[in-house]
Amino acid sequence: ANDSLASFYIYEETKINGAHIPSKSHLTLYSNGNPEFVQLKTGTTIQGYKVMGQADKFLNLDQWHAHFYNNGKLYDFISAENISIDGFLLKKHEHIILYPDGSLWSGTFSRNTEVNGFTFKKGQKFIIDELGAIHNYDIYFFMQIRDRTNAKQFLRRKDLFSLNPLLWFTFFFQPCWLD
């Protein structure tokens, strides 16, 4: 333990790695000081993407966070708008996952899309493997790609939650004084 701050709420808007983090957001940090998870109170723009916040349309915990690699690059987020990444039009309010280099790994098509003679339907989730081939989304295949590409190395950190159960509480329950 290096006695560094691991998890906290911010009470003023702040800037971390070029992203404006709204006040009343909850941050969990890697030991190198880069953000790991940011539970956003309101939507914001992070690394060029409009990311949903808790005050946006949906209130599900899963839909108002941004997850980062330990190198500071965005890993997983919910877009507040339909967007294009690497030439693919992606549906808003769905998970978008990026590789450590920032290229698209997984998303949901916002319209019918033809790739190499195969049509993916609007709303269909997909994965792009390390060779650039597109596949229907499958969690087991996703984990195989993660292992083959060694992407896990960018997500590794000490298991802070097993060390301090109070972190689980603050991670999942927003204190009433923040309302």
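Residues numbered from 1 in each chain as written. Predicted model: local features only at pLDDT ≥ 70, side-chain atom pairs only at ≥ 80, totals over all residues. Heavy atoms only, no water.

Draft legend 1. Just the overall build of the chain, in detail. The helix and strand inventory of the chain stands at 3 helices and 17 strands. Counting across all 179 residues of the chain, residues that qualify as buried make up 45%. Look at the contacts in the chain between residues 6 or more apart in sequence, and 37% of them connect residues 24 or more apart. Entry remark: accessible area of the chain is about 9800 Å², with carbon and sulfur atoms responsible for 53%. (Helix = DSSP H or I, 4+ residues; strand = E, 2+ residues; numbered from the N terminus. Buried < 20%, exposed > 50% of the residue type's maximum accessible area, 1.4 Å probe, protein only. Contact = heavy atoms within 4.5 Å. Areas by Shrake-Rupley, 256 points an atom, 1.4 Å probe, with all protein chains shown as cover.)

Draft legend 2. A look at the packing of aromatic side chains. Taken as a whole and assessed by the stated rule, the structure comprises 10 aromatic pairs. Between tyrosine 99 and tryptophan 105 the ring centres are 4.5 Å apart and the planes differ by 5°, which places this aromatic pair in the stacked class. Both residues of the pair, tyrosine 99 and tryptophan 105, belong to the buried class. When the ring of phenylalanine 118 is compared with that of phenylalanine 120, the centres are 4.9 Å apart and the planes differ by 80°; the resulting orientation is edge-to-face. Overall, phenylalanine 120 belongs to the buried group, its relative accessible area being 3%. An aromatic cluster of three or more residues is present, and its members are Phe88, Phe109, Phe118, Phe120 and Phe126. (Phe/Tyr/Trp six-rings, centres within 6.5 Å; stacked < 30°, edge-to-face > 60°.)

Draft legend 3. Main features of a nonpolar patch on the surface. A cluster of nonpolar side chains, contributed by Tyr137, Ile139 and Tyr140, occupies part of the molecular surface with about 310 Å² of accessible area. By the element assignment, tyrosine 140 lies in helix α1 (residues 139–149). (Patch = residues over 30% accessible without salt bridge, like charges linked within 9 Å, V, L, I, M, F, W, Y side chains within 5 Å. Salt bridge = Lys/Arg side-chain N within 4 Å of Asp/Glu carboxyl O.)

Draft legend 4. The arrangement of the sheet that holds strand β8 (residues 65–68) in detail. Strand order across the open sheet formed by 9 strands is β1-β4-β5-β8-β9-β12-β13-β16-β17, with antiparallel pairing between neighbours. One side of each edge strand has no neighbouring strand; the edge strands of this open sheet are β1 (7–9) and β17 (134–136). Neighbour-to-neighbour, the strand axes of this sheet turn through a mean angle of 15°, independent of strand direction. Note: strand β4 (residues 26–29) against strand β5 (residues 35–39), 4 bridges, orientation antiparallel. Residue pairing in the sheet places threonine 28 in a bridge with phenylalanine 37 of β5. (Pairing = 2+ DSSP bridges. Axes fitted to C-alpha atoms, helices over the stretch in contact; angles between N-to-C directions.)

Draft legend 5. The arrangement of the pairing of strand β13 (residues 104–108) in detail. Taking burial as the measure, the 5 residues of β13 include 5 buried ones, the bulk of the element. Here 2 bridges tie strand β12 (residues 95–98) to β13, and the two strands are oriented antiparallel to one another. Paired with isoleucine 97 across the strands is serine 106, a residue of β13. Two strands pair when backbone bridges link them, and β13 and strand β16 (residues 125–128) are joined in this way by 3 bridges, in the antiparallel orientation. Residue pairing for β16: serine 106 is matched across the bridge by isoleucine 127.

Draft legend 6. Looking closely at the nonpolar core. Membership of the largest hydrophobic core comes to 27 residues, with the highest contact counts inside it found for Phe77, Ile85, Phe88 and Leu104. Beyond its immediate chain neighbours, meaning those up to four positions away, leucine 104 contacts Ile85, Asp86, Phe88, Leu90, Ile96, Ile97, Leu98, Tyr99, Phe126 and Ile128. (Core = buried A, V, L, I, M, F, W, Y, C linked by side-chain atoms within 4.5 Å.)

Draft legend 7. Representation of the pattern of salt bridges within the structure. Enumeration according to the criterion identifies 4 salt bridges in this entry. Of the charged contacts in the structure, one is a salt bridge between arginine 148 and glutamate 130, with a shortest N-O distance of 2.6 Å. Highlighted residues: arginine 148 in helix α1 and glutamate 130 in the loop between β16 and β17, separated in sequence by 18 residues. Assessed through its relative accessible area of 45%, arginine 148 is described here as partly exposed. On the basis of relative accessibility, which here comes to 35%, the residue glutamate 130 falls in the partly exposed class. Between aspartate 147 and arginine 146 there is a salt bridge whose closest N-O contact spans 3.5 Å.

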